[in-house]
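Structural overview for review
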Amino acid sequence: MIVLRISAALFVIIIIGALWNMMLKRKVRQQTSQILRSAHYDQLTDLPNRFLIEDRLRERINEAKQNNSKVAMLSIDIDEFKKINDSYGHSAGDQVLKQVAERLGTTLTEGDTLGRLSGDQFLIIISHFNDVSDLASTTSSVLEQFRAAFQIDAGLYTLSASIGISIFPFDGDTSDELLKNADSATHVAKEFSNGSYAFYTTERKEKVSRQIELEQALRAALDKNEMYLVYQAKIDAQSKQVIGFEALLRWHSEHLGQVSPAEFIPVAERNGMIIPIGEFVIQQSLAALVELKAHYNARCTMLINISPVQFNSPSLIDVLSDTVSSSGIDYSSVEIEITEGVLMSSQSNTDFILNKITELGMKLAMDDFGQGYSSLSSLRKFSFNTLKIDREFINELPFYESDCKLVSAIILMAHGLDMKVVAEGVESQEQNDFLLECGCDSIQGWLYEKAEKLSTLLKHK
């Protein structure tokens, strides 16, 4: 009888455990779906937001490169939209934005993508057109959607919009360039008159000249010792102690002055200089880590950013392994930081390299979480130790409710996956307090430490 009772009790416990596990998995899936949706769709209009529209644009550009075709970007800006908010309130402005989204959706053809960039700016990606006249016709149809008055609580309101157009490959070969140039063309259209459109035009010689100057100067930059590193401290959110550093590359050219990494890194990736530059970063940062450990904390780690091109270099693993070994530091003190561009590449050796980094004992960090569409699937597939929340989600904390909910959910999810969370770009005490309340593990930002050269860091603690 006792055996039967024990068996029955064990059976009940097993059933309860199985049901609880099923409920937990369902809850995680629901939360994951909600986070994914919030991170990539505008909550007001339910259109793709900046992150997703840029992702789609990159896809279209890659397809166009393969098919030798064109891609057009239409940047649509509502004229004098601020007057609606000022006169009738933000609720009226939201009503208009929803109606604009619905009307613009009626102009799309197969393969087109409509998104909301921010505020009163919408974007349309067009990948199927023959020539400029087709785009002009499509743009006229978009402007026609603003002819009829919009309904708000106060009555009918008449609006117009200005549109700027950029075309791949003529006006840029990256998503950032097309977006920037389409936006520039929008300003030109507004100068014509409200309700107009303009194609992007530029003096190409200036652009080509700048690219040539950058490439020539870049090839000699390492030999001339023009490149150097600064280090951004990573602060423990609870103890406020320095627990690590991120190595950031800088370039001061003898002829060009201070050049932004956003400008020279793409050039270095195109001409192959990113490989020796990347090796320079690895060697310099790990040599610096030895001194930083002695000065700050023996457990300090070093975050090293690896570009997609450098990541696929056959020499990467050997360079990392040899440099760590020769420095005498522990592999676990090194954290390799990658973006989703690496994970979304079509390279067949991505899995091997990530697994090799983990096998060596180095840590993996996902940088700028939330910008790409494959974030969650990547976190499931690979053993990431750290997740860095993109500063776009930090900027408006704690004043935007949607950002607060999203950041809180990301931290909860990361901890559920046994990952540490780093918030970057923290500049205010209000941001810090909110992140601390949510359980964020580490902080990076000017609130605590600016990025400094090694010599400066060694002078203070």
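This text follows the structure it describes.
The notes below deal with the structure included here. (Residues numbered from 1 in each chain as written. Predicted model: local features only at pLDDT ≥ 70, side-chain atom pairs only at ≥ 80, totals over all residues. Heavy atoms only, no water.)

When its secondary structure is counted, the protein shows 18 helices and 16 strands. In the protein, buried positions account for 47% of the 461 residues. Contacts in the protein between residues far apart in sequence, at least 24 positions, make up 67% of those at least 6 positions apart. For the protein, the computed accessible surface area is about 23,400 Å², with 51% contributed by carbon and sulfur atoms. (Helix = DSSP H or I, 4+ residues; strand = E, 2+ residues; numbered from the N terminus. Buried < 20%, exposed > 50% of the residue type's maximum accessible area, 1.4 Å probe, protein only. Contact = heavy atoms within 4.5 Å. Areas by Shrake-Rupley, 256 points an atom, 1.4 Å probe, with all protein chains shown as cover.)

Inspection of the entire model under this criterion finds zero disulfides. Free of any disulfide, Cys 438 has its nearest neighbouring cysteine sulfur in Cys 404, separated by 7.4 Å. The partly exposed category is assigned to Cys 438, whose relative accessible area is 21%. Between Cys 440, a cysteine without a disulfide, and Cys 438, which holds the nearest cysteine sulfur, the sulfur-to-sulfur distance is 8.4 Å. Given the relative accessible area of 2%, Cys 440 is considered buried. (Disulfide = S-S within 2.5 Å.)

Pairing within the open sheet is mixed, and its five strands lie in the order E2-E3-E1-E6-E7. In the strand order of this sheet, the two ends are held by strand E2 (113-118) and strand E7 (197-199), each with one partner. Each strand axis lies, on average, 20° off the axis of its neighbour in the sheet, ignoring direction. Bridge count between E2 and strand E3 (residues 121-126): five bridges; the pairing is antiparallel. (Pairing = 2+ DSSP bridges. Axes fitted to C-alpha atoms, helices over the stretch in contact; angles between N-to-C directions.)

Moving on to unusual backbone geometry. Residues Phe 168 and Pro 169 are joined by a peptide bond in cis, for which omega reads 10°. In this structure, Asn 68 is a non-glycine residue whose phi angle is positive, near 55°. Looking at the secondary structure, you find Asn 68 in the loop between helix H2 (50-67) and strand E1 (71-78). The backbone phi angle of Asn 225 is positive, close to 60°, even though this residue is not glycine. Tracing the chain through its elements places Asn 225 in the loop between helix H7 (204-221) and strand E8 (227-236). Given the relative accessible area of 67%, Asn 225 is considered exposed.

By the definition in use, this model includes 16 salt bridges. Arg 58 is the salt-bridge partner of Asp 55, the closest N and O atoms lying 3.7 Å from each other. Separated by three residues within a single helix, Asp 55 and Arg 58 lie in helix H2, roughly one turn from each other. Its relative accessible area of 4% is what places Asp 55 among the buried residues. The partner of Glu 80 in a salt bridge is Lys 83, with the nearest N and O atoms 3.4 Å apart. When salt bridges that share partners are traced, they join Glu 246, Glu 337, Lys 388 and Glu 424 into one network. (Salt bridge = Lys/Arg side-chain N within 4 Å of Asp/Glu carboxyl O.)

Right, let's get into the nonpolar core. Phe 245, Ile 336 and Leu 435 are the most contacted members of the largest nonpolar core, which totals 80 residues. Counting residues per element, this core draws most heavily on helix H9 (residues 274-295), at nine residues. If near-sequence neighbours (up to four positions away) are discounted, Leu 435 is found in contact with Ile 394, Leu 397, Val 407, Ile 411, Ala 423, Val 426, Cys 440 and Ile 443. Within the second largest apolar cluster, 30 residues are counted, among which are Ala 72, Val 100, Phe 122 and Ile 165. (Core = buried A, V, L, I, M, F, W, Y, C linked by side-chain atoms within 4.5 Å.)

Among all positions in helix H8 (residues 261-271), only Phe 264, Val 267, Ala 268 and Asn 271 are buried. Buried residues of H8 fall within an arc of 100° about the axis and therefore sit on the same side. Pointing more than 90 degrees away from the buried face of H8 are the exposed residues Ala 262 and Arg 270. Among the residues of H8, the N-terminal cap falls to Ser 260, whose side-chain oxygen and the backbone nitrogen of Ala 262 are separated by 3.1 Å. Looking one or two residues beyond H8, the residue adopting positive phi is Gly 272, at roughly 85°. (Arc of directions from axis to C-beta. Polar contact = N/O pair within 3.5 Å; in protein donor to acceptor, adjacent residues only side chain to side chain.)

A separate point is the packing of helix H11 (residues 316-327) against helix H13 (residues 350-360). Where H11 meets H13, the closest approach of the two axes is 11 Å, and the angle between their N-to-C directions is 15°. It follows from the interaxial angle that H11 and H13 lie roughly parallel. Read as a crossing pair, H11 and H13 show a hand that is right-handed. Residues Leu 316, Ile 317 and Ser 321 of H11 pack against Ile 353, Lys 356, Ile 357 and Leu 360 of H13. When grouped by side-chain class, the residues that make up the contact of H11 with H13 number five nonpolar, one polar and one charged. (Parallel < 35°, antiparallel > 145°, perpendicular 65-115°, else oblique. Left-handed = near helix turned anticlockwise from the far one by under 90°. Nonpolar A, V, L, I, M, F, W, Y, C, P; charged D, E, K, R; others polar.)

Here we take up the pairing of strand E6 (residues 161-168). Counting buried residues along E6, eight of its eight residues qualify, which places the element largely inside the surrounding structure. Both faces of E6 are covered, namely the face carrying Ala 161, Ile 163, Ile 165 and Ile 167 and the face carrying Ser 162, Gly 164, Ser 166 and Phe 168. Both E1 and E6 contribute to a ladder of eight bridges, which runs antiparallel. Considered in E6, the bridge of Ile 76 is made with Ile 163. Judged from the three bridges that link them, E6 and E7 form a sheet pairing that is parallel. Paired with Gly 164 across the strands is Ala 198, a residue of E7. With helix H6 (residues 175-192) bridging E6 and its parallel neighbour E7, the resulting β-α-β unit is left-handed. (Right-handed = clockwise from strand over helix to strand, strands pointing away.)

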